[in-house]
Amino acid sequence: KRGIKAACLMGEIPYYLQGSPWPYHRGAQSVLEVLAASLNIDVDVQPLAEIGRKMENNIEEFLSNLFKEESIPHELRDNIKETIARLKHASESHGPITDEDQKRIMEHLDEFFKHGDDGSEKAS
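Per chain, residues are indexed from 1 in the order of the written sequence. Side-chain atom pairs in this predicted model are given and counted only at pLDDT of 80 or more, local residue features only at pLDDT of at least 70, and totals for whole chains, interfaces and linings cover all residues. Side-chain measures here rest on the full set of heavy atoms in the structure, leaving out hydrogens and waters.

### Considering the side chain of Arg77
Within the secondary structure, Arg77 is located in helix α3 (residues 74-91). Each residue is placed in one exposure class: buried if its accessible area under a 1.4 Å probe, protein chains only, is under 20% of its type's maximum, exposed if it is over 50%, and partly exposed if it falls in between. Positive charge is attributed to Lys and Arg, negative charge to Asp and Glu, and no charge count is given to His or to the chain ends. A carboxyl oxygen of Asp or Glu within 4 Å of a side-chain nitrogen of Lys or Arg is what we treat as a salt bridge. Buried and unpaired, Arg77 has Glu70 as its nearest opposite-charge partner, separated by 4.2 Å. N or O atoms closer than or at 3.5 Å make up a polar contact, with two conditions inside protein: a donor-capable atom paired with an acceptor-capable one, and, for residues adjacent in sequence, both atoms drawn from side chains. Of note is the side chain of Arg77, whose polar atom sits 3.2 Å from the backbone oxygen of Glu69. Contacts between residues were defined by any pair of non-hydrogen atoms, one from each residue, lying within 4.5 Å. Setting aside residues up to four positions removed in sequence, Arg77 forms contacts with Leu66, Phe67, Lys68, Glu69, Glu70 and Ile72. Per the convention used, a helix needs a DSSP run of H or I reaching at least four residues, while a strand needs a run of E reaching at least two, with both numbered from the N terminus.

### Points about the packing of helix α1 (residues 25-39) against helix α2 (residues 46-68)
With axes taken as lines fitted to C-alpha atoms, and helix axes fitted only over the stretch in contact, angles between N-to-C directions fall between 0 and 180 degrees. For the pair α1 and α2, interaxial distance at closest approach is 8 Å and the crossing angle is 155°. Taken together, α1 and α2 sit at an angle that is classed as roughly antiparallel. Judged by the twist between their axes, the crossing of α1 over α2 is left-handed. Contacts between α1 and α2 involve His25, Arg26, Ala28, Gln29 and Leu32 from the former and Leu48, Ala49, Ile51, Gly52, Met55 and Glu56 from the latter. Under this scheme an angle from 65 to 115 degrees is roughly perpendicular, one under 35 degrees roughly parallel, and one over 145 degrees roughly antiparallel; angles in between are oblique. For any helix crossing, the convention is left-handed if the near helix is rotated counterclockwise from the far helix by under a right angle, and right-handed if that rotation is clockwise.

### Looking at α1
Think of an α-helix as turning once every 3.6 residues; residues three or four places apart then point the same way. With 15 residues, α1 should reach 21 Å at 1.5 Å per residue; the first-to-last C-alpha distance of 21 Å fits that figure. The complete set of buried residues in α1 reads His25, Gly27, Gln29, Val31 and Ala36. Buried residues in α1 make contact with α2. Positive phi appears at Asn40, one or two residues downstream of α1, with a value of about 55°. Working rule for helices: expected span equals 1.5 Å times residues minus one.

### Overview of the environment of Thr83
By secondary structure assignment, the location of Thr83 is in helix α3. C-alpha of Thr83 to C-alpha of Tyr16: the two residues are 67 residues apart in sequence and 8.5 Å apart in space. Polar contacts involving the side chain of Thr83 include one to the main-chain carbonyl oxygen of Asn79, which spans 2.8 Å.

Rendered as structure tokens:
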């Protein structure tokens, strides 16, 4: 409709998991929810949510085992544990996207796609 050949939607990943080999299903679920709401379509994200819960349990189990690992110096284990706890708390300060947030985002996207890089009006 606007002559755009491609778009990329990205979900947020907790900082402590960036660069890890694990997929982060909650990020994918969030992207699907926003896309479905924007396109006014129904998408069943329940299977993705279930996989996400299982992955989070696996990650928590891994971290728990890491914190018990005797070959890692005690000070380092405490530092890792404290850092991850702090990062988890920081990531929980963001809530799900609200209807107001979605409206504001869509308005910004419409404005972005309406104007060219130099601020001039694009033909629709």
